[in-house]
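Inside the fold
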Amino acid sequence: MYEYEYMYDSAGNLSGTVEWFVNPSSERREEKRYDYDKKNGIYKNVNMPQWYLLTNGSSGLGLVNNRLYSYISSPDGSEFRFEIYDYEYNEQGYPTKMYSYFDSEWVGGSSTSYIIRYVDED
C-alpha cells in the first residue's frame, strides 16, 4: 500500500512530497523537495491541485512558479539534487520552453524538453 504526504510553500507551490510503501514485512519511505523561481508558472491561472499535476506526468511544470531543482532523500537521511530545470520566458514572464535533465551524479534517466504555446481565446 502506498501513502503520500504533500507540502506547500507560502506561495502555494508544491514544496515536497513523502511517499511511504508499506507492506506486512517492511516499510520504505522516499522524500522529495522542490525549489522554484519567482516567475509565472504555466498553470498559474488554472484552478487545479498540484498533487494532481505531479501524479499525472506534468513533471517540472509548476502551478504557481517554475521548478528549478528536485531533491531526493536517501535512506540514511542525506539529500541530493537529482533533477534540474531550465526555462525560456516570454515578455509576460511565462515559460515558453522547459528543459529538464538529471544531475550528473544521478545514474539513469533522460532529458526532456517542452515547447509551451499559449492560446488567446479573445
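Since this is a predicted model, take the numbers as computed values, not measurements. (Residues numbered from 1 in each chain as written. Predicted model: local features only at pLDDT ≥ 70, side-chain atom pairs only at ≥ 80, totals over all residues. Heavy atoms only, no water.)

Thoughts on the overall build of the chain
Helix and strand counts for the chain come out as 1 helix and 7 strands. The order of helices and strands in the chain, counted from the N terminus, is β-β-β-α-β-β-β-β. Taking all 122 residues of the chain together, the buried fraction comes to 34%. Looking at the chain alone, contacts between residues at least 24 apart form 35% of all its contacts between residues at least 6 apart. When the accessible surface of the chain is split by element, carbon and sulfur atoms take 49% of a total near 8,000 Å². (Helix = DSSP H or I, 4+ residues; strand = E, 2+ residues; numbered from the N terminus. Buried < 20%, exposed > 50% of the residue type's maximum accessible area, 1.4 Å probe, protein only. Contact = heavy atoms within 4.5 Å. Areas by Shrake-Rupley, 256 points an atom, 1.4 Å probe, with all protein chains shown as cover.)

Some remarks on the pattern of salt bridges
Counted under the stated rule, the structure contains 2 salt bridges. Residue Lys32 is joined to Glu30 by a salt bridge in which the shortest nitrogen-to-oxygen separation is 3.6 Å. Judged by its relative accessible area of 24%, Lys32 is partly exposed. Between Arg33 and Asp35 there is a salt bridge, with its nearest N and O atoms 3.0 Å apart. Exposure remark for Arg33: the relative accessible area of 31% places this residue in the partly exposed category. (Salt bridge = Lys/Arg side-chain N within 4 Å of Asp/Glu carboxyl O.)

Description of the packing of aromatic side chains
As enumerated under the stated definition, the model contains 5 aromatic pairs in all. Seen in terms of ring centroids, Tyr69 and Tyr71 are 6.3 Å apart; in terms of plane orientation they differ by 55°. Their pairing is tilted. In this structure Tyr71 comes out as buried when scored by relative accessible area, which is 14%. Aromatic ring contacts, followed pair by pair, group Tyr2, Tyr4 and Tyr6 into a single cluster. Here the guanidinium or amino end of Arg67 rests over the ring plane of Tyr34, the centre of that ring lying 3.9 Å away. (Phe/Tyr/Trp six-rings, centres within 6.5 Å; stacked < 30°, edge-to-face > 60°. Lys NZ or Arg CZ within 6 Å of the ring centre and 35° of its normal.)

A few points about the environment of Gly93
Residue placement: Gly93 occurs in the loop between strand E5 (79–89) and strand E6 (95–102). With relative accessibility at 15%, the residue Gly93 sits in the buried group. C-alpha of Gly93 to C-alpha of Lys38: the two residues are 55 residues apart in sequence and 9.5 Å apart in space. Apart from the residues within four sequence positions on either side, Gly93 is in contact with Lys39 and Asn40.

Observations concerning the confidence of the model for the chain
Averaged over all residues, the pLDDT of the chain equals 78, while 79% of them reach at least 70. Here helix H1 (residues 50–55) stands out as the least confident element of the chain, with mean pLDDT 64; E6 is the most confident, with 88. (pLDDT = per-residue confidence, 0-100.)

A closer look at the pairing of strand E4 (residues 67–73)
Burial analysis of E4 places 5 of its 7 residues in the buried class, which makes it a mostly covered element. Judged from the 6 bridges that link them, strand E3 (residues 26–36) and E4 form a sheet pairing that is antiparallel. In the sheet register, Lys32 faces E4, and the bridge partner there is Ile72. (Pairing = 2+ DSSP bridges.)

Some points on the sheet that holds strand E1 (residues 2–8)
Spatially, the 7 strands line up as an open sheet ordered E1-E2-E3-E4-E5-E6-E7, and their pairing is antiparallel. Whereas interior strands pair on both sides, the edge strands pair on one side only; in this sheet they are E1 and strand E7 (112–115). Direction aside, the axes of adjacent strands within the sheet are offset by 15° on average. Note that E6 and E7 share 4 bridges and pair antiparallel. When the bridges of E7 are listed, Tyr99 appears paired with Ser113. (Axes fitted to C-alpha atoms, helices over the stretch in contact; angles between N-to-C directions.)

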